[in-house]
Amino acid sequence: LARAEALDAAYEDAAPARVQALVLARAPSWPLGPGDPQRAVAFAQRAVALRPAYPPNWLALAEAQSKSGATADAAASYARAREAAQALPDSAERSDWLQEADKNLSRAR
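These figures come from a predicted structure and were not determined experimentally. (Residues numbered from 1 in each chain as written. Predicted model: local features only at pLDDT ≥ 70, side-chain atom pairs only at ≥ 80, totals over all residues. Heavy atoms only, no water.)

## Examining the layout of surface pockets
Regions of empty space are outlined by a rolling probe, equal in size to a water molecule, passed over the atoms. Of the volumes computed, that of the largest pocket is approximately 190 Å³. Lining the largest pocket, in full, are Glu63, Ser66, Lys67, Thr71, Ala74, Ala75, Tyr78, Glu100, Lys103, Asn104, Arg107 and Ala108. Only helix H4 (55–67), helix H5 (71–86) and helix H6 (92–108) provide two or more residues apiece to the lining of the largest pocket. Among the elements that line the lining of the largest pocket, the one with the most residues is H6, at five residues. The class makeup of the residues in the lining of the largest pocket is four nonpolar, three polar and five charged. (1 Å grid on protein atoms, 1.4 Å probe; cavity = no way out; pocket = protein on both sides within 12 Å on 5 of 7 lines; lining within 4 Å. Points joined across faces, edges and corners; volume = space filled by probe spheres on them. Helix = DSSP H or I, 4+ residues; strand = E, 2+ residues; numbered from the N terminus. Nonpolar A, V, L, I, M, F, W, Y, C, P; charged D, E, K, R; others polar.)

## Digging into the packing of aromatic side chains
Under the defined criterion, the tally for this structure stands at one aromatic pair. For the ring pair Tyr54 and Trp97, a centre distance of 5.5 Å and an interplane angle of 75° mean the geometry is edge-to-face. In this pair, Tyr54 sits in the loop between helix H3 (37–50) and H4 while Trp97 sits in helix H6, placing the two residues 43 residues apart along the sequence. Note on accessibility: Tyr54 and Trp97 belong to one class, buried. (Phe/Tyr/Trp six-rings, centres within 6.5 Å; stacked < 30°, edge-to-face > 60°. Buried < 20%, exposed > 50% of the residue type's maximum accessible area, 1.4 Å probe, protein only.)

## Details of H5
Taking 1.5 Å as the rise per residue, H5 with 16 residues should run 22 Å; its terminal C-alpha atoms sit 23 Å apart, in good agreement. Every buried residue of H5 is listed here: Ala74, Ser77, Tyr78, Ala81, Ala84 and Ala85. For H5, the angular spread of buried residues about the axis comes to 120°, placing them on one side. Looking at the buried residues of H5, the elements they touch are H4 and H6. (Expected span 1.5 Å × (residues − 1). Arc of directions from axis to C-beta. Contact = heavy atoms within 4.5 Å.)

## Considering the environment of Asp36
Considering the arrangement of structural elements, one finds Asp36 in the loop between helix H2 (11–26) and H3. Note on Asp36: relative accessible area 25%, which makes it partly exposed. Sequence separation of Asp36 and Leu24 is 12 residues, and the distance between their C-alpha atoms is 5.1 Å.

## Looking at H6
In an α-helix, one full turn covers 3.6 residues, which means residues spaced three or four apart are oriented alike. Helix length check: H6 (17 residues) gives 24 Å between terminal C-alpha atoms against 24 Å at 1.5 Å per residue, within 8%. Those residues of H6 that sit buried are Arg94, Trp97, Leu98, Ala101, Asn104 and Leu105. For H6, the buried positions fall inside an angular range of 140° around the axis, keeping them on one side. Exposed residues lying more than 90 degrees from the buried face of H6 are Ala92, Gln99 and Arg107.

## What about the environment of Gly69?
Turning to its location among the elements, Gly69 is positioned in the loop between H4 and H5. Spatially, the C-alpha atoms of Gly69 and Ala42 are 14 Å apart, while their sequence positions differ by 27 residues.

## Focus on the packing of H4 against H6
Between H4 and H6, the least distance of the axes is 10 Å, while the angle of their chain directions is 25°. As far as their axial angle goes, H6 and H4 are roughly parallel. For the pair H4 and H6, the sense of crossing is left-handed. Here Pro55, Pro56 and Leu59 of H4 lie close against H6, whose contacting residues are Trp97, Glu100 and Ala101. (Axes fitted to C-alpha atoms, helices over the stretch in contact; angles between N-to-C directions. Parallel < 35°, antiparallel > 145°, perpendicular 65-115°, else oblique. Left-handed = near helix turned anticlockwise from the far one by under 90°.)

What follows is the structure in C-alpha cells.
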C-alpha cells in the first residue's frame, strides 16, 4: 500500500491511504497485529485531503478517530461523510454510505 500511494496517491479516490487507515484501525495492536489507531487517523486524513468529496474517505477518518478515542471528531467526520454522500447522485453505494454515516451518527448522540 505504501508503494501504491507513492506511485499514485490519488488512485481510486485515495484508496491507498484509505485502505491503510482501515487496516490500522481494524487490526489488533501489537503484539498480535499492526493495529495503530493514531497512525490510522493520519492515513485517513491524507485520504480526505486528497479526495474530500469521496464519502468513504470521511467514513475511514471517522472510524479511525473513533478507535483512537476522538469521539467528537468522529461524529463530525461522520457528518461530513453524510454531506459528501448527499451531494452525489442516487446509487446503491450512496445509500450504503448514507446508512453507515447515519448509523454511526445515531450512536454518537
